[in-house]
Amino acid sequence: MPASHPKTSALQTCAGFGCMENCLFDRKLTMTQKNSGSAVEPIVKQFNPVESAVQPKWLLPVRKAGIASFADQGFPTLHDEDWRFTNVAPIAQLPFQLAREVSVNGAETKALDAAAFTKLPGHRLVFVNGFFSAKLSSIKPVANGVRIENLSAALAKDSAIIEKHLGKYAHTANNTFAALNQAFFTDGAYIFVPDGVAVAEPVQLIYISSAKNSGEVILPRNLVIAGANSKLTVVESYISTGNVAYFTNAVTEILAGDNAAIEHVKLQDEAMDAFHIATIAGEFGRASNVTVHSFALGAKLSRTNIRTKLAGEGLECILNGLYLTRGEQLADHHMIVEHAQPHCASHEYFNGILDDKSKGVFHGRIYVHPVAQKTDAKQTNKNLLLSDDATADTKPQLEIYADDVKCTHGATIGQLNDESIFYLRARGIGRDMARQMLIHAFAGEIINRVKCEPAREELDKLVWDRLEALHITEKK
């Protein structure tokens with residue numbers, strides 16, 4: 001079945017737009033519980049419609065649709081084509097418990113001070129265990145109808161706008177983790193930029209985990225709406241205060257209006273025993289320019305699902321990412337770019353630097369509708385193996401139903417070039433420093449595409465520091 005036509009039940013279709021009979025939900029949920037695996041049932045049982053029935057009322061059926069979809073799908077396995085390189089069994093085996101709101105203490109403040117983007121100018125929303133922390137946040141005055149606040153507070157003020165967009169881009173039908181988030185999400189960021197307004201400084205979203213117990217689950221939800229002819233930069237990062245096997249399951253939805261310019265930068269730097277699954281989903285309008293960056297440095301297992309719909313003519317979308325792994329880390333990026341209109345350009349650039357026994361996964365699909373003539377799409381994945389034990393699985397795909405397009409894809413997996421090392425050594429540079437410089441240059445291909453200069457500089461410094469910490473030497 002084509003990627004643009006996912007299977008959708010009547011229950012899921014109804015939930016986002018209006019009333020849903022509780023009896024239908026209960027009957028569906030009871031049936032799926034009987035068919036669910038042992039890992040799913042305890043999670044489904046924790047869903048309490050009464051506790052989740054926060055105002056406004058339309059949100060409750062949305063949450064119910066999320067838990068029903070999760071119960072129906074369960075956790076993916078290696079038999080699922082989209083997950084055959086990434087085993088999420090360790091996540092399914094966690095003793096699922098929703099993270100609780102905690103009082104901010106010195107640990108969170110220290111983690112924030114040490115974060116990569118601490119000195120970044122602009123607005124800053126900070127969340128601890130998925131709950132908004134006014135104490136750690138700093139939101140400057142805004143004008144011209146711009147809204148920058150936490151989602152739970154915005155629901156009381158902008159309910160009609162949020163209802164129109166929440167859950168409309170991160171579809172749950174083929175994304176069980178998005179469904180889980182939809183059922184249980186606690187809080188997150190709400191950013192609304194009206195038509196013709198430019199937000200000069202970046203909006204920073206920082207998620208701090210202070211989980212103390214294995215199996216704690218953090219569920220942030222972000223909604224970004226940028227009107228026609230607007231301009232916005234969002235920097236989203238995930239950090240932690242400790243190192244237990246907690247699970248972050250985040251969803252960010254982005255709507256770009258006609259001629260809007262949006263840059264979204266996501267940094268995943270979670271604890272080394274943590275698990276991180278993220279969904280970034282967006283729909284982009286005519287002649288818009290949207291760039292999405294994903295930098296994966298932390299977590300034991302991470303996966304970023306990116307799905308974008310190019311819904312207007314003449315727009316440009318760039319997906320750009322870097323994963324830097326060591327030990328037994330696994331970093332996975334899975335993307336679907338849907339060309340739904342003609343004269344659109346999409347470019348994907350993802351580089352991986354893999355050391356020790358770590359693993360990188362890239363799976364990208366470009367889907368071109370019959371109407372999307374004059375499509376220009378490019379997909380590139382490069383992997384640099386620093387160890388004989390590191391592995392990379394890459395699967396670029398093209399699914400084209402138009403006949404006047406320019407689409408290319410390619411992938412490489414290799415090690416450092418001996419001639420390049422020799423060139424630097426001939427100029428008095430030591431072997432280890434030569435290797436480090438070449439690796440940094442490989443990462444720089446991705447970092448240099450970040451348009452926000454303060455964020456780009458911080459990322460460059462962060463990656464360089466990580467490469468130094470690896471004590472990179474030639475593997476024998």
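Residues numbered from 1 in each chain as written. Predicted model: local features only at pLDDT ≥ 70, side-chain atom pairs only at ≥ 80, totals over all residues. Heavy atoms only, no water.

A. Spotlight on the overall build of the protein chain. Scanning the protein chain from terminus to terminus reveals 13 helices and 21 strands. Across the 476 residues in the protein chain, those meeting the buried criterion constitute 58%. Contacts in the protein chain between residues at least 24 apart in sequence constitute 83% of all its contacts with a sequence separation of at least 6. Here the protein chain displays about 19300 Å² of accessible surface, and carbon together with sulfur accounts for 50% of that area. (Helix = DSSP H or I, 4+ residues; strand = E, 2+ residues; numbered from the N terminus. Buried < 20%, exposed > 50% of the residue type's maximum accessible area, 1.4 Å probe, protein only. Contact = heavy atoms within 4.5 Å. Areas by Shrake-Rupley, 256 points an atom, 1.4 Å probe, with all protein chains shown as cover.)

B. Region of the structure containing the pattern of salt bridges. According to the stated counting rule, one finds 15 salt bridges in the structure shown. K382 is the partner of E445 in a salt bridge, and the nearest nitrogen-oxygen pair spans 3.4 Å. In this pair, E445 is assigned in helix α12 (residues 431–447) and K382 in strand β19 (residues 375–385), connecting sequence segments 63 residues apart. Look at K382 and you get partly exposed, because its relative accessible area is 28%. Put simply, R147, E149, K157 and D158 are held in one network by salt bridges that share partners. (Salt bridge = Lys/Arg side-chain N within 4 Å of Asp/Glu carboxyl O.)

C. Region of the structure containing the side chain of S288. Assignment of secondary structure puts S288 in the loop between β12 (275–284) and β13 (289–296). Its relative accessible area of 2% is what places S288 among the buried residues. Discounting chain neighbours no more than four positions away, the residues touching S288 are A256, G257, N259, A260, L315 and E316.

D. Quick peek at the nonpolar core. One finds I191, V203, L205, L232, F284 and L319 to be the most contacted residues of the largest nonpolar core, which totals 43 residues. Residues in contact with L232, not counting those within four places in the same chain, are I191, V193, V199, V203, V224, A261, I262 and E263. Grouped together as the second largest cluster of nonpolar side chains are 31 residues, F117, L297, L386 and L416 included. (Core = buried A, V, L, I, M, F, W, Y, C linked by side-chain atoms within 4.5 Å.)

E. Region of interest: the environment of V217. Tracing the sequence through the fold places V217 in strand β7 (residues 216–218). Residues V217 and A99 lie 118 residues apart in sequence; the distance between their C-alpha atoms is 5.3 Å. Apart from the residues within four sequence positions on either side, V217 is in contact with F96, Q97, L98, A99 and F247.

F. Quick peek at α12. Between its terminal C-alpha atoms α12 stretches 24 Å, which fits the 24 Å expected from 17 residues at 1.5 Å a residue. Taken as a whole, α12 has its buried residues at A434, R435, Q436, I439, H440, F442, A443, G444, I446 and I447. Considering only its buried residues, α12 is in contact with β13, β15 (316–325), β17 (345–354), β19, α11 (418–425) and α13 (453–469). (Expected span 1.5 Å × (residues − 1).)

G. Structural detail: the sheet that holds strand β3 (residues 131–132). With mixed pairing, the 10 strands of this open sheet are ordered in space as β3-β2-β6-β9-β11-β13-β15-β17-β19-β21. Looking at strand neighbours, the two that pair on one side only are β3 and β21 (405–414), the edges of this open sheet. Note that strand β2 (residues 123–128) and strand β6 (residues 203–209) share six bridges and pair parallel. In the sheet register, V126 faces β6, and the bridge partner there is I206. Its contacts with the sheet put helix α7 (residues 106–113) on β2, β6 and β9 (231–240), and the angle it makes with β6 is roughly 135°. Helix-sheet contacts for α12 involve β13, β15, β17 and β19, and the interaxial angle to β17 is about 155°. (Pairing = 2+ DSSP bridges. Axes fitted to C-alpha atoms, helices over the stretch in contact; angles between N-to-C directions.)

H. Spatial organisation of the state of the cysteines. Under the definition given, this model contains zero disulfides. In this model C317 remains outside any disulfide bridge; the closest cysteine sulfur is found in C344, 9.5 Å from its own. (Disulfide = S-S within 2.5 Å.)

I. Examining the packing of α11 against α12 more closely. In contact at an axis separation of 9 Å, α11 and α12 are set at 120° when each is read in the N-to-C sense. By the angle class used here, α11 and α12 are oblique. Considering the relative orientation of α11 and α12, their crossing is right-handed. Side by side, α11 and α12 meet where S420, I421, L424 and R425 of the first sit next to R431, A434, R435, M437 and L438 of the second. (Parallel < 35°, antiparallel > 145°, perpendicular 65-115°, else oblique. Left-handed = near helix turned anticlockwise from the far one by under 90°.)

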